[in-house]
Amino acid sequence: MVQTRKSKKVLVGIVVAALGALLALGLVGCGGSGASSSSAASSTATSASSGASSSASESKTITVAAVPTPHAEILNDVVAPILEKDGYKLVVKEFSDYVLPNTVTEEGEVDANYFQHGPYLKNFNEEQGTHLASVASVHYEPFGLYAGKDKSVTSLDQLADGAKVAVPNDATNEARALLLLQDAGLIKLKDGAGLTATKADIAENPRSLDIVELEAAQTALSLQDVDIAAINSNYALEAGLNVAKDAIVTESADSEAAKTYANLLVVKEGNEKEPGIQALAKALNSSEVRDYITKTYEGAVVAIF
C-alpha cells in the first residue's frame, strides 16, 4: 500500500509538472506572439514613417493635357517654374486634337487639361457622358477669317461668288465661325441659332459660299485648298498666323464670343479643390502669365483674369 501511494504521488506530481510546463509554454507562446506583433507594428510604423518622409521629400507631380499653342507654351514657359517653387513638378502632355485631352482627363490619365472654352466643354459632357468641370478661366483667343490660296485677298469684298470657306466641324466652334461670317455680312443665320448654329441654320447665303466643314485642327492646314478659312487662334498660331496681324476679319473684343469663349482649366468633377489643382489654377491666373501672354502673342491671345 505504501508503495502504491508513493506511486500515485509520483504520478500526480508528473501530471502537475506536465500541466505547469504546458501552461508555461502557452504563456510564452502568447507572449511571443504579442511581442512579435508589436515588433511588426513598430517595424511597419517605422517603414510607413520612412515612406511618408520619402514621399514628402519628393516633388509632387501635376500632369496636364494641352494643345501645343498657346496652352502648352504657357504651361511650360511660365507655369512650370511657378509651381516648382511650391514643390510641384508639372508634366505637360501635348495633343493635336480637341477630343483626347478630355478623354484622358475623364479616365484619370492626367490631372487636368487646358485647351477648351466653356461651350465646347458643356457640349462634350452632354454628348460623351463625361464629368468634367471648369476650375479657372485663363484667356480668350479671338477667332479670325484668313485668306486661303490667294494671299492677295485682304478684304471680303474681293471674294468671288461661290468661294470655298473652311469652318470647324465641332458644334461650338462651327457656330462661332458662322457667327463671325454673319457679323462680316457674308451670310445670315436663322433667328435664335446663336451659339448652337450649324451649317443647316444658314438662312441666307447671297454669295453662294461653299461652306466646308473640317476638324478644327485641319482648318489652318486647308488654306491652300480654300478661299478663306475660319480658324481658332491656337491653330492659326501653329500655322504661323497672328489674328491681330493676318486675319481679314476678327471677333471684336466686346463681342458675345469674347465673353463666352474663355479658355479654361478643366478637371474631372470632384477634383476641383485638390491642393495641386488649386496651385495650378493660381499659377495660371498669375501676373507672370498675364505678362507672358501680352508680350508673346501680341493680341492673338488675351488674358481675361
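Residues numbered from 1 in each chain as written. Predicted model: local features only at pLDDT ≥ 70, side-chain atom pairs only at ≥ 80, totals over all residues. Heavy atoms only, no water.

A. Quick look at the overall build of the chain. Looking only at helices and strands, the chain has 10 helices and 13 strands in total. Restricting to contacts in the chain with at least 6 residues of sequence separation, those with at least 24 account for 75%. Here the chain displays about 15400 Å² of accessible surface, and carbon together with sulfur accounts for 53% of that area. (Helix = DSSP H or I, 4+ residues; strand = E, 2+ residues; numbered from the N terminus. Contact = heavy atoms within 4.5 Å. Areas by Shrake-Rupley, 256 points an atom, 1.4 Å probe, with all protein chains shown as cover.)

B. Structural context of the pattern of salt bridges. What the rule picks out here adds up to five salt bridges. Among the salt bridges present, the one from Asp-161 reaches Arg-207, with a minimum N-O distance of 3.9 Å. Note that Asp-161 is positioned in the loop between β5 (144-147) and β6 (164-168) and Arg-207 in the loop between β8 (202-204) and β9 (210-214), a separation of 46 residues in sequence. Its relative accessible area of 59% is what places Asp-161 among the exposed residues. (Salt bridge = Lys/Arg side-chain N within 4 Å of Asp/Glu carboxyl O. Buried < 20%, exposed > 50% of the residue type's maximum accessible area, 1.4 Å probe, protein only.)

C. Geometry of the side chain of Thr-172. By secondary structure assignment, the location of Thr-172 is in helix α5 (residues 171-183). Discounting residues that sit within four places of it in the chain, Thr-172 has contacts with His-117, Pro-119, Tyr-120, Asn-123 and Tyr-261.

D. The side chain of Asn-263, seen in detail. Here Asn-263 shows up in strand β12 (residues 262-268). Take Asn-263: its relative accessible area is 4%, and that puts it in the buried class. Within polar-contact distance, the side chain of Asn-263 engages the backbone oxygen of Tyr-261 at 3.4 Å. Among residues more than four places away in sequence, those in contact with Asn-263 are His-71, Tyr-114, Phe-115, Gln-116, His-117, Ala-136, Ser-137, Val-138, His-139 and Glu-141. (Polar contact = N/O pair within 3.5 Å; in protein donor to acceptor, adjacent residues only side chain to side chain.)

E. Representation of the pairing of β5 in the model. Neither face of β5 is open: one carries Gly-144 and Tyr-146, the other Leu-145 and Ala-147, and all of them are buried. Direction of pairing for β5 relative to strand β10 (residues 228-231): antiparallel, over a ladder of four bridges. Pairing of Gly-144 across the sheet is with Ile-231, part of β10. Here β5 pairs with strand β11 (residues 249-250) via two bridges, running antiparallel. (Pairing = 2+ DSSP bridges.)

F. The arrangement of the packing of helix α4 (residues 118-128) against α5 in detail. Running from amino to carboxyl end, α4 crosses α5 at an angle of 140°, the nearest separation of the two axes being 8 Å. Judged on the interaxial angle alone, α5 and α4 are oblique. Together, Pro-119, Tyr-120 and Asn-123 of α4 and Ala-171, Thr-172 and Asn-173 of α5 make up the contact between the two elements. For the contact of α4 with α5, the class distribution of residues is three nonpolar, three polar and no charged. (Axes fitted to C-alpha atoms, helices over the stretch in contact; angles between N-to-C directions. Parallel < 35°, antiparallel > 145°, perpendicular 65-115°, else oblique. Nonpolar A, V, L, I, M, F, W, Y, C, P; charged D, E, K, R; others polar.)

G. Fine view of helix α2 (residues 68-85). Counted at 1.5 Å a residue, the expected span for α2 with its 18 residues is 26 Å, and the 24 Å between its end C-alpha atoms agrees. Of all the bends in α2, the greatest reaches close to 45° and is centred on Val-79; the proline Pro-81 follows between one and four positions later. For α2, the set of buried residues is Thr-69, Pro-70, His-71, Ala-72, Ile-74, Leu-75, Val-78, Val-79, Ala-80, Ile-82 and Leu-83. Following α2 by one or two positions, Gly-87 adopts a phi angle in the positive range, close to 90°. (Expected span 1.5 Å × (residues − 1). Bend = angle between axes of the 7 residues up to and from the residue.)

H. Broad picture of the confidence of the model for the chain. Overall, the prediction assigns the chain a mean pLDDT of 83, with 79% of residues at 70 or greater. Within the model, the stretch residues 1-58 combines pLDDT values under 50 with zero contacts to residues more than four positions away or in other chains. (pLDDT = per-residue confidence, 0-100.)

I. Representation of the nonpolar core within the structure. The biggest cluster of nonpolar side chains holds 56 residues, and the ones touching the most others in it are Leu-75, Val-79, Leu-90 and Leu-280. Excluding residues within four positions of it along the chain, Leu-280 makes contact with Ile-62, Val-64, Leu-75, Val-79, Leu-83, Leu-90, Ala-112 and Leu-265. In this structure, Ala-147, Leu-159, Ile-202 and Ile-248 belong to the second largest nonpolar core, which totals 26 residues. (Core = buried A, V, L, I, M, F, W, Y, C linked by side-chain atoms within 4.5 Å.)

J. A look at the packing of α2 against helix α9 (residues 275-284). In the contact formed by α2 and α9, the axes pass within 9 Å of each other and the chain directions differ by 120°. Regarding the angle of α2 to α9, the classification is oblique. For the element pair α2 and α9, the recorded crossing hand is right-handed. Between α2, through Ile-74, Leu-75, Val-79, Ile-82 and Leu-83, and α9, the contact on the second element is made entirely by Ala-279, Leu-280, Ala-283 and Leu-284. (Left-handed = near helix turned anticlockwise from the far one by under 90°.)

K. Summary view of the pairing of β10. Neither face of β10 is exposed, since Ile-228 and Ala-230 on one face and Ala-229 and Ile-231 on the opposite face are all buried. Alignment of β6 against β10, held across two bridges, turns out to be parallel. Residue pairing for β10: Val-165 is matched across the bridge by Ile-228.

L. Broad picture of the packing of aromatic side chains. Under the defined criterion, the tally for this structure stands at six aromatic pairs. A ring pair is formed by Phe-115 and Tyr-120, whose centres lie 6.1 Å apart and whose planes are at 75°; its orientation type is edge-to-face. Ring geometry for Tyr-120 against Phe-124: centres 6.0 Å apart, planes inclined by 35°, an arrangement best described as tilted. Here the residue Tyr-120 and the residue Phe-124 both occupy positions in helix α4, the gap between them amounting to four residues, near one helical turn. With relative accessibility at 8%, the residue Tyr-120 sits in the buried group. (Phe/Tyr/Trp six-rings, centres within 6.5 Å; stacked < 30°, edge-to-face > 60°.)

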